[in-house]
Amino acid sequence: MGILSKKDAGLIKDPLFDNNPITIQVLGICSALAITAELKASIVMSISVIFVLGLGNVVISLMRNIIPSKIRIIVQLIVVATLVIIVDLVLKAFAYELSKTLSVFVGLIITNCIIMGRFEAFALGNGPWKSFLDGIGNALGYGLILVIVGFFRELLGSGTLLGFKVLGDPIEKTGLYSIGYENNGFMLLSPMALIVVGIIIWVQRSKNKTLIEEA
Amino acid sequence: MEHVELFFKSIFIDNMVFATFLGMCSYLAISKKVSTSVGMGAAVIFVLTVTVPLNWLLDQYILQEGALSWLGEEYATYDLSFLSFIMFIATIATMVQLVEIIVEKFSPSLYNSLGIFLPLIAVNCAILGGSLFMQSREIPTFGLAVTYGVGSGIGWFLAILAIAAIREKIRYSAVPPALRGLGITFIITGLMAIGFMSFGGMLTGGDEKKEEPKTEEAKIEIKKEEGKEKDAKVVAQNTNINK
């Protein structure tokens, strides 16, 4: 990356793997689990969070010297809420079906702990450009997990990816279905999201032993 | 009767943690010890009981389409529902602050046990989620909104209490090193959520009939019989929206 200095690139790269907001920092789990039954919903959710976190981090970072620390939580909430309203209105206008699927979870981006966590931990102490990169990086790390979970749940649960029947047609018994493969409807139910995330954490921590917890 | 139904429905069937994954962050972070989890759970019940009815009033008399008609004829067509996120979160943040001040003044002992958790609650998705579900499920009366708030709070309390008890015991088990801590908690929560799904068939009557294929067996049967991916989508939506 030519434009970015090594340190700036680290701001984007770290949260993707070694300091992933979901699997390591344990932030923003709620939405990660609830909307990942379809890959498309996961991708849209990731894009919304990238937008809100990137822009929100910049706004908070610009205001960091004029916010009295006692009321900073309310100021932060108002900034996020405004950005989320924009996302919600855009979704309702251009992807109405999808906004129905996401239902209240678009609104819940406001209380997504990743957003408040990054505001508190980073944007309040750093300049706008760095905060922007940090926001994008963390949102990408969040999106990565969402897309992985969404990918497996949609593939194993309904045999499709983004709505395309990649495993053949279950009714006409083509592709994999001709040799007796069945969709695992259980993958579409909410508990499986938890188990899939648990397995991702397992894989990640067995590869990187430094992340293993003591207790 | 509808109060009882909504009460049990919001505790077991639409359990905040197991059915809709709300408040997962604090659920995972504060469930290491039973004693702290009780404090957090109590605070959540308390704040939900206050904010859900309050936001119901806000929704009914200010935000909904035509809600402003009490101001006069010319306001009857206003629709301010796009403001609901910002209004709800502002109400919650102020209420949490207010509750903190009041509790500190009148019951220092309660303040000491809840104190640390109250500020955390403003950003707990269970609280905002409670209000947003209240809005999207169109709960009809003030009384039902109170019931819904209390019920969802108790559901969250039960969930965090259960996982905290399990995590205290699991320290004595030989969990694979890479799964220790967070990983195993996720998987246990998943198993508990499967258990809670069996409550899905508990209430029958009224609008529950539509949701019957919610139980896992019925779902798998449907899928085997028809094998259409349309069903899968309906199922996914049912579990997501949980209306």
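This structure is a prediction, so every number in the text was calculated from the model and none was measured.

**Student:** Requested: an account of the nonpolar core, with residues and values cited.
**Tutor:** Counting 114 residues, the largest nonpolar core has A:L33, B:M24, B:Y27, B:W156 and B:F186 as the members making the most contacts within it. Here this core gets ten residues from one element, more than from any other, and that element is helix α9 (residues 182-197) of chain B. Apart from the residues within four sequence positions on either side, A:L33 is in contact with A:R153, A:A193, A:L194, A:V197, B:F21, B:M24 and B:F186. With five residues, the next largest nonpolar core counts A:L39, A:L155, A:L161 and A:L167 among its residues.

**Student:** I'd love a proper account of the UniProt feature "transmembrane region" (unreviewed entry) in chain A, names of residues and values included.
**Tutor:** Residue and element names in this part refer to chain A. According to UniProt, the "transmembrane region" (unreviewed entry) feature falls on residues 43-62, 74-95, 101-119, 131-152 and 185-203. Within residues 43-62, the helical portion is 100% and the strand portion 0%, while the C-alpha atoms at the span's ends are 29 Å from each other. Within the segment residues 185-203, helix and strand shares are 74% and 0% respectively, and the terminal C-alpha atoms sit 24 Å apart.

**Student:** Quick one: what's the story with the UniProt feature "transmembrane region" (unreviewed entry) in chain B, residue by residue and with numbers?
**Tutor:** All names here are of chain B. Within this structure's numbering, the places UniProt gives as "transmembrane region" (unreviewed entry) are residues 6-30, 37-58, 78-103, 110-133, 145-166 and 178-199. Span residues 6-30 is 56% helix and 0% strand, its end C-alpha atoms 28 Å apart. Between the first and last C-alpha atoms of residues 178-199 the distance is 33 Å; the span itself is 73% helix and 0% strand.

**Student:** Mind laying out the pattern of salt bridges, listing which residues take part and the relevant values?
**Tutor:** Residue and element names in this part refer to chain A. Under the criterion given, the structure shown has three salt bridges over all chains. Note that R118 is salt-bridged to D134, the shortest N-O span being 3.1 Å. Of the two residues, R118 sits in helix α6 (residues 113-123) while D134 sits in helix α7 (residues 128-158), which places them 16 residues apart along the sequence. Using a relative accessible area of 12% as the deciding quantity, one classes R118 as buried.

**Student:** Give me the lowdown on the interface of chain B and chain A, citing residues and values where you can.
**Tutor:** Contacts between chain B and chain A engage 54 residues on the former and 56 residues on the latter. Where chain B touches chain A, the interface holds zero salt bridges. Counting across the chain B and chain A interface gives zero residue pairs in polar contact (both at pLDDT 80 or more). Going through the elements one at a time, α2 (24-29), α4 (84-106), α7 (125-136), α9, α10 (216-226) and α11 (229-241) of chain B are the ones with two or more residues in the side of chain B that touches chain A. Its residues placed into classes, the side of chain B that touches chain A shows 33 nonpolar, 13 polar and eight charged.

Reading the values: rules and limits
- Residues numbered from 1 in each chain as written.
- Chains lettered and ligands numbered in written order.
- Predicted model: local features only at pLDDT ≥ 70, side-chain atom pairs only at ≥ 80, totals over all residues.
- Heavy atoms only, no water.
- Core = buried A, V, L, I, M, F, W, Y, C linked by side-chain atoms within 4.5 Å.
- Buried < 20%, exposed > 50% of the residue type's maximum accessible area, 1.4 Å probe, protein only.
- Helix = DSSP H or I, 4+ residues; strand = E, 2+ residues; numbered from the N terminus.
- Contact = heavy atoms within 4.5 Å.
- UniProt positions renumbered as here; feature names shortened; annotations may be inferred.
- Salt bridge = Lys/Arg side-chain N within 4 Å of Asp/Glu carboxyl O.
- Polar contact = N/O pair within 3.5 Å; in protein donor to acceptor, adjacent residues only side chain to side chain.
- Nonpolar A, V, L, I, M, F, W, Y, C, P; charged D, E, K, R; others polar.

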